[in-house]
Each structure stands twice: as structure tokens, then as C-alpha cells.
Protein chains: 4
Amino acid sequence: MKAGVIGASGYTGAELLRILSTHPGIEVSMATARQYAGEKIASLYPSLAGAYDGAFDVFEPEAAADSCDVFFLGLPHGESFKVVKELAALGKPVVDLSADFRLQSPDEYEKWYDTAHGAPDLLSDAVYGIPEIYRDAVASARLTANPGCYPTAALLGLYPLAAAGMLRGPVVVDAKSGVSGAGRSLTLATHYPQIADGMQPYSVAGHRHLPEIRDQLEKLGGEADVVFTPHLAPMNRGILCTTYVRLQGGVDPAGLRELYENAYNGERFVQLLPEGACPQTKAVQGSNDCHVALGFPDGGSTLVVMSAIDNLVKGAAGQAIQNMNLMCGLEETAGLAGPGLFP
Amino acid sequence: MKAGVIGASGYTGAELLRILSTHPGIEVSMATARQYAGEKIASLYPSLAGAYDGAFDVFEPEAAADSCDVFFLGLPHGESFKVVKELAALGKPVVDLSADFRLQSPDEYEKWYDTAHGAPDLLSDAVYGIPEIYRDAVASARLTANPGCYPTAALLGLYPLAAAGMLRGPVVVDAKSGVSGAGRSLTLATHYPQIADGMQPYSVAGHRHLPEIRDQLEKLGGEADVVFTPHLAPMNRGILCTTYVRLQGGVDPAGLRELYENAYNGERFVQLLPEGACPQTKAVQGSNDCHVALGFPDGGSTLVVMSAIDNLVKGAAGQAIQNMNLMCGLEETAGLAGPGLFP
Amino acid sequence: MKAGVIGASGYTGAELLRILSTHPGIEVSMATARQYAGEKIASLYPSLAGAYDGAFDVFEPEAAADSCDVFFLGLPHGESFKVVKELAALGKPVVDLSADFRLQSPDEYEKWYDTAHGAPDLLSDAVYGIPEIYRDAVASARLTANPGCYPTAALLGLYPLAAAGMLRGPVVVDAKSGVSGAGRSLTLATHYPQIADGMQPYSVAGHRHLPEIRDQLEKLGGEADVVFTPHLAPMNRGILCTTYVRLQGGVDPAGLRELYENAYNGERFVQLLPEGACPQTKAVQGSNDCHVALGFPDGGSTLVVMSAIDNLVKGAAGQAIQNMNLMCGLEETAGLAGPGLFP
Amino acid sequence: MKAGVIGASGYTGAELLRILSTHPGIEVSMATARQYAGEKIASLYPSLAGAYDGAFDVFEPEAAADSCDVFFLGLPHGESFKVVKELAALGKPVVDLSADFRLQSPDEYEKWYDTAHGAPDLLSDAVYGIPEIYRDAVASARLTANPGCYPTAALLGLYPLAAAGMLRGPVVVDAKSGVSGAGRSLTLATHYPQIADGMQPYSVAGHRHLPEIRDQLEKLGGEADVVFTPHLAPMNRGILCTTYVRLQGGVDPAGLRELYENAYNGERFVQLLPEGACPQTKAVQGSNDCHVALGFPDGGSTLVVMSAIDNLVKGAAGQAIQNMNLMCGLEETAGLAGPGLFP
């Protein structure tokens, strides 16, 4: 099949190109980036020199319709819904990696993204694309809203509890992200000397991924009061969520472990670590894996759920390809089997 | 005055030597390290080449008594109380940087440090050395238990709440530490390729600094149920505590800010950041400062307290010198006025 | 085909396991590590959790003979030649990743590795495994000496000059390596706080990879006087060689560029960067690529050749698999097509 | 004395403020930054929160004349000579940290900095400010051209050879710099994900610090053919120069060591490391020290000189203050005695 990557010059787009270059069932027929149109892909990303000879294109709906069987959208929020509208008519699978179809309510969208949603009628068509939670819905979707990186890590950590109706009180998600999560745009906050060899929280009052996490937990049956604090860690890739859940009725380590084992039994991309182990972001670097572990602090009623992903893979491009595989009837793991790059 | 640094070859010892080398009232007359006796200080720490010509000594109580007016102990726990016993008779000020005199109960000590406390009668003499909390007691102490790095950051974040009787429910301390906190001993967990460019939690079930935090909060009037999770971050120095406090009766931003302003008004080494700012460990790198900020997550009953220190300075050697200054009647800030090294 | 990885617990061994796990023509039938025998591969390397269920074995020549068609040896120098001797009788392809068969003279070996060579009669059978230089010899070899990481980067940078007889004077190879090149063994020099956020040269008087570089340049017709200085850079992976070559008769940019284009035309794993571009180690991270660029300093007679590889891939495991592909009649690029992981 | 820092918002300016805040003889009476006028110094640099309460000013020559006894200029090249002209009339000491007065020829300046020099008549008044080389001239200067960071490290490494007339052939300076050397302006090349965990050369064809190095070596009596290649290393601070010198008549380790010992005997800020040791940038982090070591590669005629500094201290602000101390008759080491921050 032929894939088009619309908005291919950011880190997420480049990661799509990287993974797709060895995907057995996909050929990239188009990679667009208005700002870099005509420029060689390999000149922006020398890492792709061995895989792509061509240049970035400009997106033209008609040309796209002709040359692509499936679309990945790596556009900024507020831009993406415009292109989704143009593509919707084609009836071809679309995976949108922006935030535009993640929240169910256009009002919530406007509140958090400071712009009115331009395609509210398509919101109900969009399936929230975490295959481990919504596999069947993804498989039959035409439009997948690829989740945010933080929500992917947080939700894979909380899903078994939410599905079991065990999320009833305060939940604290303390998340640490690598800097690639902030994208390729230049800001003081991502200027090397400002952040290397140091750590800091940000957006404590409210980050855009908070309503996304809340939305999904609610849908899954949780009634949690979620606090979410993102941190910038001095690393390229990786998200680590350390999530604190107050459990009513106390903590039962064996029962909780069984709950998680059952939830993720047979999942290729979620590994429950052995008892006592803690996930490390490096172990999933470059892979579509999510490592999950449970911690039981001394004598308390708090469960600690730890989950780690690569923000650009399971948190973006890898999960997008996993979704596309399902939508297109390909093997779900196609192109995604590579282990993490460690060290 | 003449200071002896007993156990000077670890990172904490070297940091004492670094800061003391420009202290206006102190001359280092002795730096001991059994393993490196006779070896040049500057050969282990080339950074000290311009400041120290001499070699590490072997500790001899009598020689120490003759040549030192005050002692810093940078020994491992379980070793330190032996030397404290030897020094106690001299009546000279001792700042112990080990864990040996931090917990009030010898049983708790034995439980967490796997060794019986060999000087339990001295425990009640030891003052827990956070000057911002216990200034007067420190000033009149002969033996100061210099706090752990994590407890220093956590307690400076929580002290105003605890003192105001506002710590009544669950408290989550999510702490991120630089790798120097793990010391100079070689372990796989501190081997560069294992941890660079990645993050991970550890000791989730219970870290030795947890009972220290609990002990102090209790003394301050808190009745908190504390969960504490340390993380290893890919940086040399720095501790960042992101602390989540459920407040009964809701969160009053203005009132809380005032509480913290009053608590730290006039403190040279605690800076309350402007509203909306978040602390970053880099800003306190190499300095004795603690940066504190308050966060108010969207519509909840949780207060987020963020506190950042340099684990080797305010979290160890700097605070030890601050304590020593008080114990010896020197200016509290002597030798400690340098700002953080940024970037 | 079935491959055995003998000495699989080091970083090189783990990298072989990583790449082989998605190799279309190879199944890993045995991974041995005496020290970790019986321990799960994924417990040492959680990154391999999705790919390997099994445990490390102990190496037994007979069992190995039965279950493997080809062997990779990731053993320390001085250990490797013993196993090579045992395997030689089997007549199956062996790729030795140690230094034991890289130097042609047993005396040189003893001088640099402080141990007598125990299998000098096999030295002449061993082919030095850089396919871009010795493709035919590798294809017909039974024993390949997989090159050192530094020599791979240096030689791919110098090969076109050497082959053209243009290496006649002083050559300076200033090399910068990531810390994974020092392996998994604990040393103060690889202890995170000692090296993170800093740089340093080492082994200035003479590094073991120097005779290997000299040996090969001589074989290729060079008469160079090589100075080689390795540096430890604060990064996980990557080698960058900045090589300074005094050219007799001056520097001809266009001619030199053409020389390199011809030398690497059609090579999948060597990319000559566009004029003016400089290689960066990140662009080849995790890939088998070598990026090469030429620099022409203002008005001089010195050519600067820059070459970058991932020390664990093209500098070790990837090149070993490339060699094995050739030795076994598989597609040379099989399993090795993935682009670098950037950022 | 009262010092004015003109152009105080960049990393060099902030470093001046950091060091001056504990200088015993200097009070900062003015810190200007047009872009941030009126903004709190501590809001840009929270690390300075404990040291500076005030805000950035706008530079006004008359106000400056009234409130300052000495000036530091942290302006961009091309801006600085304008202010120097305004200040020259005052007759007060000026240390210019820009490149504007480093080259002796206005033509060379225009060639490398793409702008005509607007104050060529002042060029001959400017003393090139490396006190270890030009101490007396600095002490009697009214205008000091503070050297570039790379030239400082390179020249301190080469000075004894040049002064001894031993620089007669090719010299290769392979330099590695931390990212703070590129300043606070946002560029893709200093965007964290582009460079963290990787290395790369740049400006191979000719960097602006090359003519500065050449100029000085010539003045010192060298007739060297210098090649200079800067590299960006993934670290905040530090410059490491690995310099390769072909010596006519061969290499005499003992004699060379003696030459360097004599050259730097008694210098507080240059430490010749013990035989066999290599400098590491971390050991000089935050200090005004330069560590120098000599390496003698196996059997050759090349001497390797290694020199390490902190680019923001000895490579900029620290050396500027050292120059100012001399110009103002203060103790040369005043405010600069602190050892490096290690680890």
C-alpha cells in the first residue's frame, strides 16, 4: 500500500518516515512539508539518507488522492482538521497525529486549544487510537485520533484499574518527558544550555493532555480526580509516568498484579515487568513498547503505577502505524517489531 | 578556625573541600580518607588542584584533636557513629553528614540501615540540621545530624504547611535526583551507558529517606500519610521534589502564598519563586539555595509544592557548612554566598 | 539459519541480539554468558523483553555445534581465540568481535594485549571484516575478524586516499567516542558523575586500536605516520573521527570529492554527505551507516576527513552481521536496513 | 569600585554578574540589556535570585559615566566598537568581551566579521587580554580585548612552544566546545534534541577564531601553519583543545615538560597536570582554571598538547575579571579563587 505523510518535517513526521522505510507492506509515496518543499528529506534528516532519496512535497489534495491509499497527518493542531475535512471525502484511512480529534467535545477543544474546532461533525467518527484499549473500534475506523504522548503512557498505566472500576479517588500522574516531545520549533525552553543537565516541571496549572486523560478515564468508567504534572527531563526521548492511585479498601499486590497480567496478556507492545522491577525509558527507546510496573509503598493505601514509552514511537508515530495496520487489515505488529535501542 | 574533614574522598567530602577552600573563616587542616591515604587530593579531584596541595591523611583521633577546631564527617552510615563517639569527648562541634544521627529511634535506624546503632545515647544530643527550621537548636548544638538530600528538599517544601497544621492527609513526594546523589561507588545503576539519556524510579517500596521525612513531619505537627518515590535523572546534580498535598477545605492560592512568604521571609537560602514560575535544578547548581514554588492545578483540592536544591550543596556539604557557621558563631552565610552555576 | 551468540551479555552481545531479532534469515538459537547463565535475557536487557523469552546459556562446544549454523563471538580478547580454536574444526562461519584476529602479527598482538596469542596458526585464515574494503575476501572467509570501532570509522574515512596511494605523510586521527564503547564493566572512568557533561582524551601515548589502523593502512598501500587520540564524549553511542591528512601537492577539493564518490558509489552503508555538510553521530545512531564528509580548511594543504558511525552497530554488531550475511550467502543488507534513530 | 556590565543578558553577561556578586572589591552598579530593560535580572536568571534584586537597565553613556568606575562589554561584535568609542573619552577601564578589538587589522576584521570596523584608530590601544602572556600590558591598558574562548584554550596550550620558537610546522587544533559557547540565541544547531547525546564538527572551512589564533601565534614568534576545527559536544560548558604539533628535531618529553613548568610556574590559573594525566573539562567547570597536559604518542615526532577551560569563565567572564583586576590595581585573583564544580 502507498502511504502519504502530510506534515513530514517535524520529529513525528520524520519518525513516521523512519519506521515506514522498513515496513513490509507500506511504501511512502508522498511526504509533504510546506516550509521545506523541494528540499531533500535527507538534508533535513541525514539519518534518513540511506532510505529516502526524494524531497518534501507540497500537499495537494488531488495528487494525494491519486498517489496514496492511506494518510498520516503530522500537522499542528488547528491545521489538521482542515486537511482531515479534505481527505474525509476520499474514504481512505486517515491517522491524525494532531490533537484535533482527541477530545470529544468541541467546547473542551476550544477551551484548551484556543481555537474553534472547524470540523465538529467529524468528531464522532474519530476513534481514539490506543489499540490495546480500543482494538476493534480502530480496526473499523476511517479516522483515528492518535493519542497524545502523555495520555498514552498514563492510560496504559491506568487502563486495567479503570476498566475494573477501581479508579474512584485522587490520582496523581507525575510525568517526565524527553525534550523531543516539545517538537522541532525553537524555544528558550528547548535551547540546549537552558535544560541540559537539569530538570523542571511545567504547565502545573493545566496541560492540554489533562482533559484528554480525564476524557478517556471517564469513558472507561473511572471517576478519578486527576492531577497531572509534566516535567522536562534532560533526555531526547521517553516518557515516564509515575502514577499514584489511592485505592479504597487497601492495596492487594497479588490481586493487582493479576489484574494487570490479565489485561495485557498477549499484548505484543505492553510488557508487565517482573515484580520489583521499575521501568526505564531507555529500555523502550526507539521501540513501540510500553513497560509497566506496579509499586507498593510500605504499609500504605497507595498503588504506584509506573509506565514508560518512547514518546515518538508508542507515543506518536509507532502507535499511528499500529493503528494504520489495524485499519488496513495488515498484521498489527508489521514494521514495529524492533526492540528498544539500549544503551 | 581549623576544620577537619573526616571521610573526604567521596563526592560529599570533595564538595566540603571545594566550598571550604574559599570560606573566609575556615582553614582545612585535615582531610582524611583511609583508602587514599598519602595520595594527593588533586590527583583524585583535579578540580581542587588550585586550592589544595596536600594529600589525604589517615584519621587519628589524637592528631585530629590537636589540629582541628571543628569536624565534618563524610563517612558511610555505620562508620560514622564510631567516630562521633571518639570525637564527642573533645567537646568540639561536629557536623555528621551520614545518616547515623538523623532518625530519633535506634530501632528505626536498625530497621532501615540493617545495623544496630552503636551510639544510641548520643541520639538525643544530635540536632537535625536544617537551619531554616531549627536555627536556634543548631546554634547551640555540639552535634548536628546533617539531613539527607531528599529530606532537605522535601521538608523545605512542606515545612510551612506542617508548621501551620495543614498536613492532614495524603502527601505524595515525587523526587528526581541527579546521579551524584548515589555517590562515588561503582554500581551498574550509575554506569554511564545504563542511565544517560533516560529516567527511572527506584526503591518504590521504601527508601531510607522516607522514615527521615516522616519523623520530621511528625515533629513539626504533621499527620501526613507520606508516599515517597525517588527517581534517577540523567544529570549530575540536583534534586527536584514535586510534592502533592491534599488540603482539607480546598486550596486558597493567595493564602498559601502568604503562608510561604512569611515562612521564608528573610531567609537567604530559600527563594520563593514568582507566581507561575517553576523551579529548575540548574538554577541552584553549585549553590546553597533552595527554590520553592507553588502550583495550583485546575479546579482541584491538591496543592503542588515544587522545591529544588543541589543535592551536594544544600542537600549535603553546603548545609553542613551553614550548620557549622551557626554552631561556631560565624556569619551563617559565610562561604556560601555564590549563586548557582547557570547554564 | 541458526545463529549462536557466544558472549552475549555485554553491550556488543546485546546489540547482536537486538539486530538479529528482526533479521529475516536468522534465528538466534543460543545466547551464552557464563556469568549470567540461567538468567533471563530480558532481566539483564529489558529492552529485549518483547523479543526474547529465554535465558542465557553456558557455552558447550558440542551443543553449539548441533544447534548453530553460524557463530558470533562477543568474548573478551584473550578468551576469544580459545573458542575460535574449538569452533574452527566445525567448518561453520565464525565472526569474531574480539581483537584476537585483527592484527596480523602475533608479536604485535602480544605487545598491545599483554598476552601471548594462543592460535597464531589461525591468524592467516582470518579476514579483516570491513566489507566496503574487503568484500570478496569476507564472502569466502570462514573466520572474520570484526574490526574495532575506532578503526572502522578511521579506515572508512581514509580508505579512498590509501587505495589511491595518497597517504604519504602525517595523519592525525582525533576520535570521539560514546561511553558504550568502553563496555559494560564498571570503572571510575565510566561512572556517570565522572564523565557526564564533560570531555576528555585518554590513552594518548598509545591505544590498542592504533596498531590495527596502521596495519590496515599499510596493507592498503599507505605510508602514513599516524597519530591517534581517542576521547570520551558524554554520549551513549557514536564515534566521530576528525582526521587530518597532509597532502603532498596540495588539496584539490573537486578531485578529492570525486575520489570518494567513486570509492563509495553504490555502497548502502557509506553515505558521502553533501558538500559543506558535517557528519553528526546522532544521525547514524542505531544504524549500520557510516557518514563521511570532506573539509577543506582555508588555504592550506590539509584535508579534513570526517566520519561518523554508531560504535555498537557499524563499529561492532551491525558490521558483524553484514560480514555474516556475506559469509552465508545472504543479502548483504539483510536485517540492517533501519535508518538512524534521530533525535 | 563600581562596575557596569553593558550587555548583561547573554550567558557571558550573566556569568559576569555571577562572579562579580562575590567579588570583594567590586559592586555591580549597572547591568544593561536593551531587550529586557525593566525586567528583573532574577526572572531571566533565577540562579541570580539570591544575589540581585534589581532589573536590567538601558545603557545611557552619561548615566554610565556617573555610576561606574569600570566597564565590561558583553555586546555582539559590530555593536561593541560603538560603545567603546563612547566610553573611550571617559578614560575609565574597559574590558570588551566581543570580538571587535581582538584582531589587529581592520581588514582581517572585515573579512571574518562581514562588517567594516568602526573604530580602527582604537585598535592599537587595545591589549589582548591573556594575563599569563601579556600581564604587564594588561595592567597598564585602558582597553582590553578579552580573547575568544577557543583562542584562550588553544593559546595557553601553545604559548610555551611559541615563545620558545618551537612552532615551525603544521599545527592541528581539534577543539570541542560545550553548547553555552554558542550563546543564548535560538538556532536549530542548539536545539536540545538536535545535539544532545551526539557530536559534530562545524565551520571546518574556517571559523572566526582561526585568524585570532594565527594573529597571536605570529606575534609570539610562531610560524605555524594552523588548522583549527571546532566541534559541538553535548555538554553545557567547557572547551577541550587537543593540539597536534609536529616538532622539528623530534620530541623530548622531559625537556618539553620543563619548558611548560617554567612557563606556568607560579600561575594561579594554569595548572600543568601530572605526567600521564589528561585534562577533563568537568574539572574546570565554573572556575577560572586552565588545565594543561602533554602527551607523547608512541614513537613519533608529534607532541599532543591538551588544554581545558570553562568557556564562560577563563574563556570569557572570568578572564575578563582577571584582566579588570589587573587594570584596576586589584589582586589579580580577586573573586576568582573558587575551584571547579565537580562532579
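Residues numbered from 1 in each chain as written. Chains lettered and ligands numbered in written order. Predicted model: local features only at pLDDT ≥ 70, side-chain atom pairs only at ≥ 80, totals over all residues.

S.K.: Can you help me understand the overall build of chain A in this one?
M.R.: Within chain A one finds eleven helices and 13 strands. Taking 20 Å as the expected radius of gyration for a compact globule of 343 residues, we find that chain A reaches 19 Å, a close match to that expectation. Expressed along its principal axes, the backbone C-alpha trace of chain A runs to roughly 60 × 45 × 40 Å. Classification of the 343 residues of chain A by burial places 61% in the buried group. Sequence-distant contacts, at least 24 apart, represent 71% of the contacts inside chain A between residues at least 6 apart. (Helix = DSSP H or I, 4+ residues; strand = E, 2+ residues; numbered from the N terminus. Rg over C-alpha atoms; globule rule 2.2 N^0.38 Å. Buried ≥ 20, exposed ≤ 12 C-beta atoms within 10 Å, placed from the backbone. Contact = placed C-beta atoms within 7 Å.)

S.K.: I tried to follow the relation of the copies chain D and chain C on my own but got confused; where do I start?
M.R.: Related by rotation about an axis and a shift along that axis, the two copies of the chain form a pair. At an RMSD of 0.0 Å, chain D and chain C line up after a rotation of 180° and a shift of 0.0 Å along the axis. Both chain copies can therefore be described as sitting about a two-fold axis. Judged by C-alpha distance, Pro 234 of chain D is the residue of chain D that lies nearest the rotation axis, at 3.2 Å. In this assembly the copies share their binding face: 100% of the residues contributing to the interface of chain D also contribute to that of chain C. (Least-squares fit on C-alpha atoms with pLDDT ≥ 70 in both.)

S.K.: Can you help me understand the interface of chain D and chain C in this one?
M.R.: Think of interface size as the accessible area that goes away when the parts come together; that is how it is often given. Each partner contributes residues to the interface: chain D has 42 residues there, and chain C has 42 residues. Elements that contribute at least two residues to the side of chain D that touches chain C include exactly strand 7 (170–177), helix 8 (192–195), strand 8 (200–201), strand 9 (225–232), strand 10 (239–246) and strand 13 (302–309) of chain D.

S.K.: In this structure, what is going on with the pairing of strand 3 (residues 70–73) of chain C? I would like to understand it.
M.R.: For a regular strand, side-chain orientation follows a simple rule: the groups alternate between the two sheet faces. Residue and element names in this part refer to chain C. In this structure, strand 1 (residues 2–6) lies alongside strand 3, joined through four bridges in parallel fashion. If you follow Val 5 over to strand 3, its bridge partner there is Phe 72. As paired strands, strand 3 and strand 4 (residues 94–96) are joined by three bridges and run parallel to one another. Paired with Phe 72 across the bridge in strand 4 is Val 95. Taken together, strand 3, helix 4 (residues 80–88) and strand 4 constitute a β-α-β crossover, and its handedness is right-handed. (Pairing = 2+ DSSP bridges. Right-handed = clockwise from strand over helix to strand, strands pointing away.)

S.K.: What is the right way to look at the packing of helix 7 (residues 149–163) of chain A against helix 11 (residues 313–327) of chain A in this model?
M.R.: For any two helices packed against each other, the geometry comes down to the angle between their axes and how far apart the axes lie. Residue and element names in this part refer to chain A. Between helix 7 and helix 11, the shortest axis-to-axis distance is 8 Å and the interhelical angle comes to 100°. Looking at the two axes, helix 7 sits roughly perpendicular to helix 11. Along the contact surface, helix 7 presents Cys 149, Thr 152 and Ala 153, while helix 11 presents Lys 314, Gly 315, Ala 316 and Gln 319. A class-by-class count of the residues in the contact of helix 7 with helix 11 yields three nonpolar, three polar and one charged. (Axes fitted to C-alpha atoms, helices over the stretch in contact; angles between N-to-C directions. Parallel < 35°, antiparallel > 145°, perpendicular 65-115°, else oblique. Nonpolar A, V, L, I, M, F, W, Y, C, P; charged D, E, K, R; others polar.)

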